[in-house]
Amino acid sequence: MGKYSFYIIVALVIIWVVLTETFSWEAVAIGMLVVVFSVYFADKFLPSASKQADTVKFSKLIFYPFYLIGQVYLAGFSMLRFIITGAQFEIIPVKTTLESEPLKIMLMDSMTFVPGSISMDIEDDTIMSLWIFDKKLNLKELGPEKVSALAKGGLEKRLLRAQLPQKN
C-alpha cells in the first residue's frame, strides 16, 4: 500500500458512513472492512499511477469540481434552447494541449459529464466526441481549432493550471 493509503481509507470510510446514513460502530466496522479490502485489491491489481501522478498538481484542482458543476448547469440551459430551436450533431475531433494522461482523461470525462457531448475515444492529443450544437452553426466555416475550443469550453484552461512540466 502507498504512503497515502491511511488518508484514502479514512476518507472512504467517511464517505461510506455518509452514504449508508448510519453512524454506529457496526457501520464504521463494515465500512472499514470494505474499504481496506478495496484499497488492497486496487493496489494489488490496478497499475501504479505514481509516474502519471507526478505530472499533476492536484492542489490546483480543488475548485475544479465546483467549476464543472457550474458548466453542467450552463450547458444544460443551452441544451434546452437547442431542443426548442433545433440542434444537429456530429462526431468531431477535439485537439488538446494537455500533456498529462490523467488530465487528458479528466478532460474527456468532464466533456462527457457536461450536457451536449459524449466522448468516445482518446488517442494521443485527440479526443473523438459526439457533439450536439446549434443548427445555425456551420462547422466547416469555423475550422477545426475553433470547433475544438467550443467543444472544450473553459475546461481545458482550468486543467492546464494543474499540469506540471513533463519529465523526460
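All figures in this text were calculated on a predicted structure; none of them were measured in a lab.

Helix and strand counts for the chain come out as 8 helices and 3 strands. Shown N-terminal to C-terminal, the secondary structure of the chain runs as helices and strands in the order α-α-α-α-β-α-β-β-α-α-α. Whereas a compact globule of 168 residues would reach a radius of gyration of roughly 15 Å, the chain reaches 20 Å, over 25% beyond that. Principal-axis analysis of the C-alpha atoms gives the chain an extent of 60 × 45 × 25 Å.

Tallying each qualifying case throughout the model produces 3 salt bridges. Among the ionic pairs, Arg 81 bridges to Asp 134, the shortest N-O distance being 4.0 Å. Here Arg 81 is found in helix H4 (residues 64-85), whereas its partner Asp 134 is found in strand E3 (residues 126-134), with 53 residues between them in sequence. The class for Arg 81 is partly exposed, based on a relative accessible area of 43%. Of the charged contacts, one joins Lys 152 and Glu 156 as a salt bridge, the two residues approaching to 2.7 Å between their closest N and O atoms. The buried category is assigned to Lys 152, whose relative accessible area is 10%. Looking at Glu 156, the relative accessible area reads 9%, which means it is buried.

A few words now on the side chain of Ser 117. As for its position among the elements, Ser 117 is in strand E2 (residues 117-123). Here the side chain of Ser 117 touches Met 111 through a polar contact of 2.9 Å, landing on its backbone oxygen. Excluding residues within four positions of it along the chain, Ser 117 makes contact with Met 111, Thr 112, Ser 129, Leu 130 and Trp 131.

To continue, consider a nonpolar patch on the surface. The grouping of Ile 69, Tyr 73, Phe 77, Leu 80, Ile 83 and Ile 84 at the surface amounts to a nonpolar patch, some 740 Å² of accessible area in total. Relative to the helices and strands, Ile 83 resides in helix H4.

This brings us to helix H1 (residues 5-20). With 16 residues, H1 should cover 22 Å at 1.5 Å per step; its first-to-last C-alpha distance of 22 Å lies within 8% of that length. Listed in full, the buried residues belonging to H1 are Ser 5, Ile 9, Val 13 and Val 17. Projected down its long axis, H1 shows its buried positions confined to an angular sector of 110 degrees, all on one face. Structural note: H1 exposes Tyr 7, Ile 14, Val 18 and Leu 19 on the side pointing more than 90 degrees away from its buried face.

Judged by pairing direction, the sheet is antiparallel, and its 3 strands sit side by side in the order E1-E3-E2 without closing on themselves. Both outer strands of the open sheet, strand E1 (87-95) and E2, are each paired with one neighbouring strand and no more. Each neighbouring strand pair of the sheet contributes to a mean axis angle of 25 degrees, computed without reference to strand direction. H4 contacts E1 and E3 of the sheet and is inclined by roughly 55 degrees relative to E3. Packed onto the sheet, helix H7 (residues 144-152) meets E1 and E3 and runs at close to 105 degrees relative to E1.

What follows is about a negative patch on the surface. A surface patch of negative charge is lined by Asp 121, Glu 123, Asp 124 and Asp 125. Within the secondary structure, Asp 124 is located in the loop between E2 and E3.

Reading the values: rules and limits
- Residues numbered from 1 in each chain as written.
- Predicted model: local features only at pLDDT ≥ 70, side-chain atom pairs only at ≥ 80, totals over all residues.
- Heavy atoms only, no water.
- Helix = DSSP H or I, 4+ residues; strand = E, 2+ residues; numbered from the N terminus.
- Rg over C-alpha atoms; globule rule 2.2 N^0.38 Å.
- Salt bridge = Lys/Arg side-chain N within 4 Å of Asp/Glu carboxyl O.
- Buried < 20%, exposed > 50% of the residue type's maximum accessible area, 1.4 Å probe, protein only.
- Polar contact = N/O pair within 3.5 Å; in protein donor to acceptor, adjacent residues only side chain to side chain.
- Contact = heavy atoms within 4.5 Å.
- Patch = residues over 30% accessible without salt bridge, like charges linked within 9 Å, V, L, I, M, F, W, Y side chains within 5 Å.
- Areas by Shrake-Rupley, 256 points an atom, 1.4 Å probe, with all protein chains shown as cover.
- Expected span 1.5 Å × (residues − 1).
- Arc of directions from axis to C-beta.
- Pairing = 2+ DSSP bridges.
- Axes fitted to C-alpha atoms, helices over the stretch in contact; angles between N-to-C directions.
- Lys, Arg positive; Asp, Glu negative; His and termini not counted.
- Charge placed at Lys NZ, Arg CZ, Asp CG, Glu CD.

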